[in-house]
Every structure is written in C-alpha cells, then in structure tokens.
Amino acid sequence: MTPSTNDSTHIRQTPPPGTHLLMFRGDSQSFTLTLAEKTRGKAWVRTNIGHAVLSREEVVQGVNQGAAKLGRAWFDIPMVRMGDKEFQITLPLREVGHFEAKCFFLEQGSSIPLWPDGKNVAVNVAGADLCCANIIYNTFVRQFGQNKYGQEQRTDVEKECIDTLDQASWTIIPPSGTFRDLIEELDFIIGTLGCRYLQLLPIHPTPTTYARMGRFGSPYAALSFTAVDPALAEFDPKATPLEQFIELVDAIHARKAKVLIDIAINHTGWAADLHESQPQWLDRDEEGRIQVPGAWGVFWADLTRLDYTHKDLWQYMADVLLTWCRRGVDGFRCDAGYMIPVAAWTYIVALVREQFPDTVFLLEGLGGKISVTRDILNLANFDWAYSELFQNYDRHQIEHYLPHAITVSKGQGIMVHFAETHDNNRLAARSHAYARMRTALCALCSINGAFGFAGGVEWFASEKINVHEATSLNWGAGHNQVDPIRRLTTLLKIHPAFHDKSDLELIPQKGDKQITLVRRHPESGKTLLILVNLDETNHAPVSWDSTCIGSNPFELIDLLTGTPVTPVTVDGQHTCMLNPCQVLCLTEDPNDMELIETALQENILLPDRIKHQKQKAKALDVFCFYRGTDDYGDFDPDLAGKKLSENPVGFCREMNPLSDESRVIVWNWPFDVKREVMIPPNHFLMVRADSAFRACLMDKDRTLAHEESLACNDSTSFALFSPLETPENVYPLILKISVFTEGSCRHAEGKVRYLPAAENASLQTVFSRSEILSRHLQFMETNDRGSLMRANVSWGELKSRYDAALAANLNPEMPEDRWIMLTRCRAWLVFQGYSQEICNDCIDAFYFDYDAYGTWKYRVPCGQGEHICLFIQMTMGKKENEIQMTFSRHLSEGAAGLLA
C-alpha cells in the first residue's frame, strides 16, 4: 500500500521497514520516525491497524464479487512531534488479524511524502490467550476406553475369530474409544499433566467397507466434514453422537481448557457426501481419474483430492469451520494445509474470523516448503504451525533449525515444538531416557510455551500410533514421566522466561551432542539457562560464560529437580558435565524454586499471565470505543485491566467522556433468561454469573459477538459485549450462554433487543394472523385511577394468572396486589342456528392506535360458504375504572384501511 522514497537517507523508521512482528490482542505497538535534520512539516503512519473488519470485507468481496482491493482499511494517522527531528505514535492492538504499517513525512509546503526505504512493517496480532502456555495434548478418541491398554486385553479365542473372519474378507471393526471415555480422563490430561489444548484427530465418519484402510478405516478419509463418527459415541437414546461430542467440548471448557479438531479439508474419503453433491470439486486428471494426495513420495489411496480452483469450495469449507465453531470448537489443526492455496486460506480465515475472531488455526505444513508456511502464517494469519524440531537430532541440526523457528515465531506465527506426533515413531520405543530428554528439550525450547505431545508420551507408550487402528497408550504404566511433564508444563505457565516478549539465544558448543540455550525475559529481568545432553550413552560437557546467566555460577538451581548445580569455572568459562540424556533448567534466583513448588500445589489451569492479557484486551475495547484507535495517549492498559476486574461497571463509567453514565446494561444469569433485555444505542451489554461461562450474540445462525467470561474480584464472572452499530429499527437477538459449574454445564438462551436511536424508533401497530398465532402478544392499557387491562391478542385465552380484561388497585394510598374484576370475554356469532365461536380459528388481524384502542378483526363463517367481517374494539375508561367494548361490522376509514 505504501511506496518507497528515493531519498531514504533523510528519514529513518523504528521498527525498521520490512520488520515482522507477532503481537497479542491487548498489546500496543509504537512507531517512531526520525529525520536527518530539523525540518518543518508533519508525519503520519499509514496503516490498516484497527480496521480488521474492513480488511476482511475486502478479502471476502474480492472472492465473492470479484471486487478490486481498494485499500479502504488504510488510514493516515498523525504522529506526535517529540522533538526537532522525531515523531512518535503508539497504536492499540485490539483486533486479531494481519496488519501492515509504514510512516512518512510531509515537509511544510510540499505535497510529496517522504517514505523510509523498504517494505511495510507487518504486524500479526493473535488472540490474547495465546501469549503463553500453549500446551497441546494430541489425542485420538479411538484409543481410549479399553483400547488405551492395548490389544493384549483380547482373549486368544477372540483373536482367532478375528483372524478367521479377516481371511474370509469380512469387515471386523472392534469397539472404539468414545467421547465419554475421553471425558473420564480430562482431569488427568488438563489437571495433572497441565495441558491447555486438546487436539483431537479427525472425528468424522470414516469408510467401514468401501475403500476402507486398516482395521477401523482412516479418520483422514472423512465421509462428511460436519458429521460425527457414531463409532465414537455410546448408544444413548437421550444423546446423539453430536450431542455427546458437545458434552466433551463442554467438559474441556469447564476445566478452562480448549479443544482443536483435526480437519483435512484438502481431501475426502471415497464415497464421501461431496462425491454425490459436488462431484465437480474432485481433482481429476485428463482421463477423468480422481487424484489421490501424497507427500514424501507416498500416495494415500484411500483419499480423494479436492480441486481448490473452485472458489465456491472455499465458501463451503468456511461454512464447515463455522459450523464447528458454533458447536464450541476453539480451533483447527489443518492437515496437509500447505497443499491448499494461500489465497483460499486467506478467504476462509477471513470468513471464520468475521464471527469467531479468536479461532486458532494450526498449520500442518510438514513436507511443504518453508516459504509456504511463512505465507500461510503471515498473509492468511494462521496462529501456529508445526515445528520440525522433532525431526532434528544432533547439535548441528538443532542449531541450524531452531533459529529459523524462533525468527518465524517472533514475526509470522508460533512454531509449535511437538515432542512426538502420530506421524513419527514413539520416543519410548528407543528408550525411556531418550523419551524424557526429547520431551524436555521440546518444552524448554518452546516459544511462548508452544509445546505439544501425542497421548501416551506420558506413559512411555512404545507402539506407534496407527491412524487405521487403535494402538495402545500404555495407560497407567508404573514407569512413566507424568510428574516430569507436569513440572515442565507448570514452568511454561508460571515462569516469565517462557512467556511472550522473551528472547532465546543458542550458545555454540564444541561437541555434536550438547545444546545450550539462554532464555531471557527483559521486562521481569528473569533468565534461565537450558542445558541438554543429546547423547544416550555418554557423558558430555556443556559450557557457557558469565554473560549468559548471573555473575555467580555457584548459586544455580535446577528447576526440574530442585537440586543445586555447581559448574567448573576456568578462564571465565563455566562447564557442567551432564549424564547421558540429562536436561537442566538453571536459574540463579532462589525465588523461582519457591514459585514453581507453590504452583505445583495450586494446580494452575489458567496462568495469571493470560488472565492479565485478557483483562488488558477487554479494557482496550472499552477505551477504543470511546476514544478511537488513533488516540492512545497516556492510557495504561495494565492499570486499566486491573480496574476492569475490580469493578467492570465503574470502569466503563470512568472511560465514558460524554457523561457520568456507565452505559452498561447488565444481564444476570439465570434470572434474565426469561426476560427480554433492552440495550439502548451505544451501550455495553455485560453478562454476569456466579461461575465461568461463555456467551455469544446470535442473529439467527450468524454470530455477531463471542465472549469468554473474565473473573471479577468479587469471585463472580463477567463478559462485556461492546456496543453494536445502532440499528434503524428494533434489532432482536439471541444471547446464548453456557455456564460451567462443578461437574456440569448448563446451556440457555435469552432474548435481547438492541434499540434504535430515539428519533428513529418505530413500533409495529398491525399484526397479521400468522404473527398472532406464532407469537405471544398482549394489549396493555392503564388509566389514572389504578386500573389495568392486560388482554391477550389471542382473544379469550388466559396464559397467566395476571391476565385480565379489567384489574384494579383499590387501595388509594399505596401500591398493592391488584383485584381481578373481569378476566376475559368470550363470544359466539349465531346466524340461522349456525353457531361459531369468535376465537383464533377465524382471527384475521389485530391493530392498536395511540388513542388506546385495540381492534381485533375476524372473518367469521356463517354458513353457505359465506362469512362476515367482525371488528371488536376495546379501550379503558379514563375517568372511571371500566372498559368499553364495541362489536361492529364496520370501522372508521383509517382503522379499516390498516386492517384491510
């Protein structure tokens, strides 16, 4: 969007042009422009920061309508002069997305801007809760239940029967683990192991006969992208397989964790739904043969590749992902994602983030080009990608690969170090010591705590995960690394050196089997030294100097074991001799040891670092609503986040520069479920409950806003929805809420109505027969003598004990319970002996006017195929406690015209 200057020596920008930055919602980014000499003029930053909605609209319209990208999201924001030669501005980052920016200077009297030489600064903003502790448990539902212990549980008779039927070409599919089996293990996976994300291998229906591969069929051969494999559910007349999957989602959310599903949108299984409904989307060669995908020279014959030259396929896949988001899924592992065009991903991600901006996208780019991974992370705005650290073994390979992973993670998107995946051999098959070492290596080298492992690593499972089978997890094995993994994940959660804004530096070593990594967190001043011996059989020396950590190397403590470590020092070089496969995480701060021991006792589910970032992000939403995104000024987001959690309504009042109002409407769980809550223009909606919850505002199937609750200092939870654009008419929405109490989740829906501006307010006065029959409508009127009419528009019906044609408060001194004088009026039309009740069977319309007349119109049959138009009018007396009812076949011209 921005050109380069041909005179770059006169101007300098910080951060330099071409820089890539990875930030998180709630952060801010400063830009500085420095001139070579004092010059009169003004400076601006040209950017689309703060305008993610417009950026996404251009992406979507470019595909759907072929519209040109005109840069409507780009604005010039004036910078503040800080001195004779320097300008500066700080921009809040309150939206998830890919943004760019570049500064320029306009000399007084000139119309030609001066730009620093180079490309735009790219700023990729991720969700607030991705700033640290991105710990992933990669699990296969099929492996749970009895399968987690292995096939040795089968009797010899069963094995013999299965072998006999296999040889006769029968289809034998043993029982699968189920969603409910996995739910039983969540306290262990999330609570004990400390994982924050469960990444499920595909849960779609798979081929069981036609083109089936292996015992169970491949989960990557999806027959439907929106259905759930019934084999993963128990037969339960009260809960469908999809409902049982949602039980799992709710159980994960109740433990403050999140769920990713693996979805392979590059291909389908044979005989998939799309083969019938959209055969034109299948990729075929010139002879019409359906193509199968492959990598590393291997082709997967049970899969059929989709052709992404069809842009309507892009829309379909975006709808698939949105369907899962509405079911509560937090993100997607995108299998073989590098095989799908970057433009397609950019469009799909834009559509998903229109409704669910915090959705996590994890790229499986193994086997693809590094440049493609960078583009998908950067331009398509994926959050994570698979690191290939698990495929690098000696020091030279790791020292060559890890700096690349760090660079990408700092600028484009986080590279997740998986100790083990379902695609590679089990670490424990080599040795338990090797498995412990590689698991610790991947965790301690992680960026922003992005570390994952396949289920079974904790139990030293040695049988490779076969996606066509249900291999053993070695579950419950006495010899395991459950406690070491718990200690690692606790470190990732609570120690600043594993959080965002940390710097990682590899210290070169002489041998082939030693790794030394320094982790620094400048804001806290915390430093850790990671030492690893990759050798399984030999001891190895690892060296560093005093610039790496502390001035006194004799006070170091290993945070993995709690033991002191004393290196040997010669000529300023400190050396430790490590045992085979030994890993150390050294600190010079004894408080770190106390910090981790306390955290292990507290069983932290959600780190304070994430809570704080989410509070900052929400406080920033309130600030930017009132002040805009261009005027960051002296706003302190850290202080604002604390104030928000102390008193959300009071904070909104403090931020409002227009009046002393908070402009917050509170919706209380569960009391407001049955109410229709009105939201005036430019008001926040705050949802409050006694426990954690999730809530979203829905317009039919479209999600307008989605919020996870934040903790308030009074031990309640709240979510704050920013004001919507003021509607022209009353805008009815559904508030969907999922409330998590201990051991359960409750779902409910409430009605909210966003109101138009007062001058645009209108009220429906005429209601058709279909509206009367489908809605509960009431006509209410009062007078100045304490009487009330509360009549159902469905004539003669009583839906509540408070319904009355005439009720009155007979106490002249004070309010008290009303007396029901007349409940309703029922009537019949009789013509030549033919009787017809006047009721909903023959109602035609209802009308009211501001003179307090309610008018019912009926088309009453009277025999011989004839009917009469009967009108009933009802109003209250103004001076007396009475009602007036008029039955007629004719109305005044105005009312008759409205009811015609």
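Residues numbered from 1 in each chain as written. Predicted model: local features only at pLDDT ≥ 70, side-chain atom pairs only at ≥ 80, totals over all residues. Heavy atoms only, no water.

### Examining the overall build of the protein chain
Across its full length, the protein chain holds 18 helices and 50 strands. Taken along the three principal axes of its C-alpha coordinates, the protein chain extends 115 × 90 × 65 Å. Evaluated residue by residue, the protein chain yields a buried proportion of 54% over its 900 residues. Long-range pairs, those at least 24 residues apart, make up 69% of the contacts in the protein chain between residues at least 6 apart in sequence. Total accessible area computed for the protein chain in this model is approximately 39,800 Å², and 50% of it derives from carbon and sulfur atoms. (Helix = DSSP H or I, 4+ residues; strand = E, 2+ residues; numbered from the N terminus. Buried < 20%, exposed > 50% of the residue type's maximum accessible area, 1.4 Å probe, protein only. Contact = heavy atoms within 4.5 Å. Areas by Shrake-Rupley, 256 points an atom, 1.4 Å probe, with all protein chains shown as cover.)

### Some details on helix H10 (residues 395-411)
In an α-helix, one full turn covers 3.6 residues, which means residues spaced three or four apart are oriented alike. Between the first and last C-alpha of H10 there are 25 Å, a value that for 17 residues agrees with the 24 Å anticipated at 1.5 Å per step. Turning to H10, its buried residues are Arg 395, Ile 398, Glu 399, Tyr 401, Leu 402, His 404, Ala 405, Ile 406, Val 408, Ser 409 and Gly 411. Between a side-chain oxygen at the N-terminus of H10 and the backbone nitrogen of His 396 the separation is 3.1 Å; the capping residue is Asp 394. (Expected span 1.5 Å × (residues − 1). Polar contact = N/O pair within 3.5 Å; in protein donor to acceptor, adjacent residues only side chain to side chain.)

### Brief notes about the sheet that holds strand S41 (residues 778-782)
In spatial order, the strands read S41-S42-S43-S44; together these four strands make up an open sheet with antiparallel pairing. At either end of the open sheet lies a strand with only one pairing partner, and these are S41 and strand S44 (819-822). Averaged over all pairs of adjacent strands, the angle between their axes in this sheet comes to 25°, without regard to strand direction. Where S41 and strand S42 (residues 787-792) come together, five bridges link them in antiparallel fashion. Each bridged residue has a counterpart across the sheet, and for Phe 779 the counterpart in S42 is Ala 791. (Pairing = 2+ DSSP bridges. Axes fitted to C-alpha atoms, helices over the stretch in contact; angles between N-to-C directions.)

### Section: the environment of Val 457
In this structure, Val 457 sits in the loop between strand S21 (451-454) and helix H12 (482-494). Note on Val 457: relative accessible area 4%, which makes it buried. C-alpha separation for the pair Val 457 and Ala 435, spaced 22 residues apart in sequence, amounts to 7.7 Å.

### A look at the layout of surface pockets
One way to see where empty space is left: roll a probe the size of a water molecule over the atoms. If you add up the space inside the second largest pocket, you get close to 1,100 Å³. Surrounding the second largest pocket, 31 residues form its lining, Glu 676, Arg 753, Phe 767, Arg 775 and Leu 777 being those nearest its centre. Taken together, the residues of the lining of the second largest pocket break down into 18 nonpolar, four polar and nine charged. (1 Å grid on protein atoms, 1.4 Å probe; cavity = no way out; pocket = protein on both sides within 12 Å on 5 of 7 lines; lining within 4 Å. Points joined across faces, edges and corners; volume = space filled by probe spheres on them. Nonpolar A, V, L, I, M, F, W, Y, C, P; charged D, E, K, R; others polar.)

### With respect to the side chain of Ser 645
Counting through the fold element by element, Ser 645 comes out in helix H15 (residues 637-646). We classify Ser 645 as buried; its relative accessible area is 6%. Separated by 2.9 Å, the side chain of Ser 645 and the backbone oxygen of Lys 642 make a polar contact. With sequence-adjacent residues up to four places away left out, Ser 645 is seen in contact with Gln 615, Ala 711, Cys 712, Asn 713 and Phe 718.

### Some remarks on the packing of aromatic side chains
Here a ring pair, both rings aromatic, is described through the centre-centre distance and the interplanar angle of the planes. Evaluation of the coordinates by the stated rule reveals 26 aromatic pairs. Taking the centre distance of 5.5 Å and the plane angle of 65° together, the rings of Phe 144 and Trp 475 count as edge-to-face. With a gap of 331 residues between them, Phe 144 in the loop between strand S10 (135-139) and helix H2 (156-167) and Trp 475 in the loop between S21 and H12 connect regions that are remote in the sequence. Each member of the pair, Phe 144 as well as Trp 475, carries the same accessibility label: buried. A ring pair is formed by Phe 179 and Phe 245, whose centres lie 5.5 Å apart and whose planes are at 65°; its orientation type is edge-to-face. One end of the pair, Phe 179, is in helix H3 (residues 179-183); the other, Phe 245, is in helix H5 (residues 241-254), and 66 residues separate them in sequence. Per residue, the accessibility class of Phe 179 equals that of Phe 245, and both read buried. (Phe/Tyr/Trp six-rings, centres within 6.5 Å; stacked < 30°, edge-to-face > 60°.)

### Remarks on the side chain of Asp 307
Along the chain, the position of Asp 307 falls in the loop between strand S16 (303-305) and helix H7 (311-326). The side chain of Asp 307 is buried and forms no salt bridge, while Arg 305, the nearest opposite charge, is found at 7.8 Å. (Lys, Arg positive; Asp, Glu negative; His and termini not counted. Salt bridge = Lys/Arg side-chain N within 4 Å of Asp/Glu carboxyl O.)

### Examining the sheet that holds strand S30 (residues 583-587)
If you trace the six strands from one edge of the open sheet to the other, you get S22-S23-S24-S30-S26-S27, paired in antiparallel fashion. Bordering the open sheet on either side are strand S22 (503-506) and strand S27 (564-565), each of which pairs with just one other strand. The pairing of S22 with strand S23 (residues 514-521) spans four bridges and is classified as antiparallel. Counted as the bridge partner of Leu 504 is Arg 519 from S23. Against the sheet, helix H13 (residues 590-602) makes contact with strand S24 (526-533), strand S26 (556-558) and S30, and its axis sits at roughly 20° relative to S26, the strand it touches most.

### Some words on a nonpolar patch on the surface
Together, Leu 810, Trp 819, Met 821 and Leu 822 give the surface a local cluster of nonpolar side chains, amounting to about 420 Å² of exposed area. If you trace the backbone, Leu 822 turns up in strand S44. (Patch = residues over 30% accessible without salt bridge, like charges linked within 9 Å, V, L, I, M, F, W, Y side chains within 5 Å.)

### Here we look at the pattern of salt bridges
Going through the model one piece at a time under the given rule, you end up with 49 salt bridges. Where Arg 305 meets Asp 283, a salt bridge forms, and the shortest distance between an N and an O atom there is 2.9 Å. On the criterion of sequence distance, the pair formed by Arg 305 in strand S16 and Asp 283 in the loop between helix H6 (273-277) and strand S14 (294-295) is long-range, its members being 22 residues apart. Judged by its relative accessible area of 17%, Asp 283 is buried. One salt-bridge network, held together by shared partners, links Asp 27, Asp 500, Lys 501, Arg 609, Lys 616 and Asp 638.

### A short note on the packing of helix H1 (residues 52-64) against helix H8 (residues 342-355)
Helices that pack against each other are described as a pair by the angle of their axes relative to one another and the distance between those axes. Where H1 contacts H8, the two axes come as close as 9 Å, and the packing angle between them is 125°. One way to sum up the angle between H1 and H8 is to call them oblique. Of the two possible hands of crossing, H1 and H8 adopt the one that is left-handed. Residues Arg 56, Val 59, Val 60, Val 63 and Asn 64 of H1 form the contact with H8, whose participating residues are Thr 346, Tyr 347, Ala 350, Leu 351, Arg 353 and Glu 354. (Parallel < 35°, antiparallel > 145°, perpendicular 65-115°, else oblique. Left-handed = near helix turned anticlockwise from the far one by under 90°.)

### Some words on empty space enclosed by the protein
Tallied over the entire structure, the rule returns six cavities of 30 Å³ or more. In this structure, the largest cavity encloses a volume near 120 Å³. If you go around the largest cavity, you meet 14 residues; those closest to its centre are Ala 791, Gly 796, Thr 823, Arg 824 and Cys 825. Listed by contribution, the elements that provide at least two residues to the lining of the largest cavity are S42 and strand S43 (804-808). Approximately 50 Å³ is the volume attributed to the second largest cavity. Along its surface, the second largest cavity is lined by Ile 190, Gly 191, Thr 192, Gly 194, Arg 486, Thr 489, Thr 490, Lys 493, Ala 599, Asn 603 and Ile 604. Elements represented by at least two residues in the lining of the second largest cavity include exactly helix H4 (186-192) and H12.

### With respect to the environment of Val 292
Secondary-structure assignment places Val 292 in the loop between H6 and S14. Each C-alpha atom of the pair Val 292 and Ile 872 lies 71 Å from the other, and the pair is 580 residues apart in sequence. Other than its neighbours up to four places away in sequence, Val 292 contacts Trp 270, Phe 299, Trp 300, Ala 301, Leu 303 and Arg 305.

### Observations concerning the state of the cysteines
Simply put, disulfide is the name for a covalent bond between the sulfur atoms of two cysteines. Applying the stated criterion across every chain yields a total of zero disulfides. Of the cysteine sulfurs around Cys 132, a residue in no disulfide, the closest is that of Cys 131, at 4.4 Å. The thiol sulfur of Cys 624 is not disulfide-bonded, and the nearest other cysteine sulfur, from Cys 652, lies at 13 Å. Given the relative accessible area of 7%, Cys 624 is considered buried. (Disulfide = S-S within 2.5 Å.)

### Thoughts on the pairing of S23
With seven of its eight residues buried, S23 lies for the most part within the structure. Bridge count for S23 against S24 is eight bridges, and the pairing is antiparallel. Directly across from Arg 520, in S24, lies its bridge partner Thr 527. The hairpin formed by S23 and S24 contains four residues between the paired strands, and Gly 525 there has a positive phi angle of roughly 75°.

### Brief notes about the environment of Leu 363
Position of Leu 363 relative to the elements: it lies in strand S18 (residues 360-363). Classification of Leu 363 as buried rests on a relative accessible area of 0%. Remark: the alpha-carbon pair of Leu 363 and Thr 373, spanning 10 residues in sequence, is separated by 7.7 Å. Those residues within four positions of Leu 363 in sequence are excluded, and the remaining contacts are Cys 334, Gly 337, Tyr 338, Thr 373, Ile 376, Phe 382, Trp 384, Ala 385 and Tyr 386.

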